[in-house]
Amino acid sequence: MINRLTNSLNFQTEALKLRSERQRLLASNIANADTPGYQSRDFDFARALREASGQIPTAGAMNTTQGGHMAPLAGARSDPQKLYGAPSQTSLDSNTVDMDRERASFADNAVKFEATLRFINGSVRTTLDAMKSHNAA
C-alpha cells in the first residue's frame, strides 16, 4: 500500500519538476522575443516524463552489465533534451519566438502544473483522512 502511494507521489513529483523546467523555458522564450538571433527552446514533456519515471531508457544512461553493478535510480537523468522551436514565419533578425505559440504553451503548461498540484494535494488529503481515527470526536 505504501509503495503504491510512494510511487504515485514520486511520479507526480517528477511531473512537477518537468512542468517547472518547461515553464522556465517558455518564460525565457517570451522574455527574449525581441532579442535578435534568439532561438526558442522547448522539450518533449511526455518523453522527458517517461525517461524520468524509468519507463524508457535515458539516452547516455549507465547500463548494468553484471550483477554487482549499481543500477541507476529511476529519475536519475540529466536535463530533458531541449529542442529548438521551428519558426512559423521568417524574421529579419533570425529570432524564432512566436509569441502566440509561446503564450498558449505557457498558459497550457501553467494549467497542467496547477492540476498536478491539486492531484498531489488530493492524494495526500485522502491518505490523511484514511489514517484518522473514526472514534475521535
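Above this note sits the structure.
Notes on the structure in this doc start here.

Conventions used here
- Residues numbered from 1 in each chain as written.
- Predicted model: local features only at pLDDT ≥ 70, side-chain atom pairs only at ≥ 80, totals over all residues.
- Heavy atoms only, no water.
- Phe/Tyr/Trp six-rings, centres within 6.5 Å; stacked < 30°, edge-to-face > 60°.
- Lys NZ or Arg CZ within 6 Å of the ring centre and 35° of its normal.
- Buried < 20%, exposed > 50% of the residue type's maximum accessible area, 1.4 Å probe, protein only.
- Helix = DSSP H or I, 4+ residues; strand = E, 2+ residues; numbered from the N terminus.
- Arc of directions from axis to C-beta.
- Contact = heavy atoms within 4.5 Å.
- Polar contact = N/O pair within 3.5 Å; in protein donor to acceptor, adjacent residues only side chain to side chain.
- Core = buried A, V, L, I, M, F, W, Y, C linked by side-chain atoms within 4.5 Å.

1. As for the packing of aromatic side chains
In step 1: Applying the stated criterion across every chain yields a total of 0 aromatic pairs.
In step 2: Looking at Arg19, its charged tip hangs above the ring of Phe45, at a distance of 3.7 Å from the centre.

2. Focus on helix H2 (residues 45-52)
In step 1: Within H2 the residues assigned to the buried category are Phe45, Ala48, Leu49, Glu51 and Ala52. Projected down its long axis, H2 shows its buried positions confined to an angular sector of 160°, all on one face.
In step 2: Where H2 is buried, its residues contact helix H1 (2-31) and strand S1 (41-43).
In step 3: Its side-chain oxygen placed 3.4 Å from the backbone nitrogen of Ala46, Asp44 serves as the N-cap of H2.
In step 4: Once H2 finishes, Gly54 follows within two positions and takes phi at roughly 80°, a positive value.

3. Regarding the nonpolar core
In step 1: If you look at the biggest cluster of nonpolar residues, it comprises 8 residues: Ala15, Leu18, Leu25, Phe43, Phe45, Ala48, Leu49 and Ala52.
In step 2: Of all elements in the fold, only H1 and H2 reach the threshold of two or more residues within this core.
In step 3: Counting residues per element, this core draws most heavily on H2, which supplies 4 residues.
In step 4: If we skip the residues at most four places from it in the chain, Leu25 touches Arg41, Asp42, Phe43 and Lys82.

4. Examining unusual backbone geometry
Residues apart from glycine generally show negative phi values, whereas peptide bonds are mostly found in trans.
In step 1: Residues other than glycine seldom take positive phi values, yet Ser94 does so here, at roughly 65°.
In step 2: Looking at the element boundaries, Ser94 is found in the loop between strand S2 (82-84) and helix H3 (99-131).
In step 3: On the basis of relative accessible area, Ser94 is assigned to the partly exposed category, the value being 43%.

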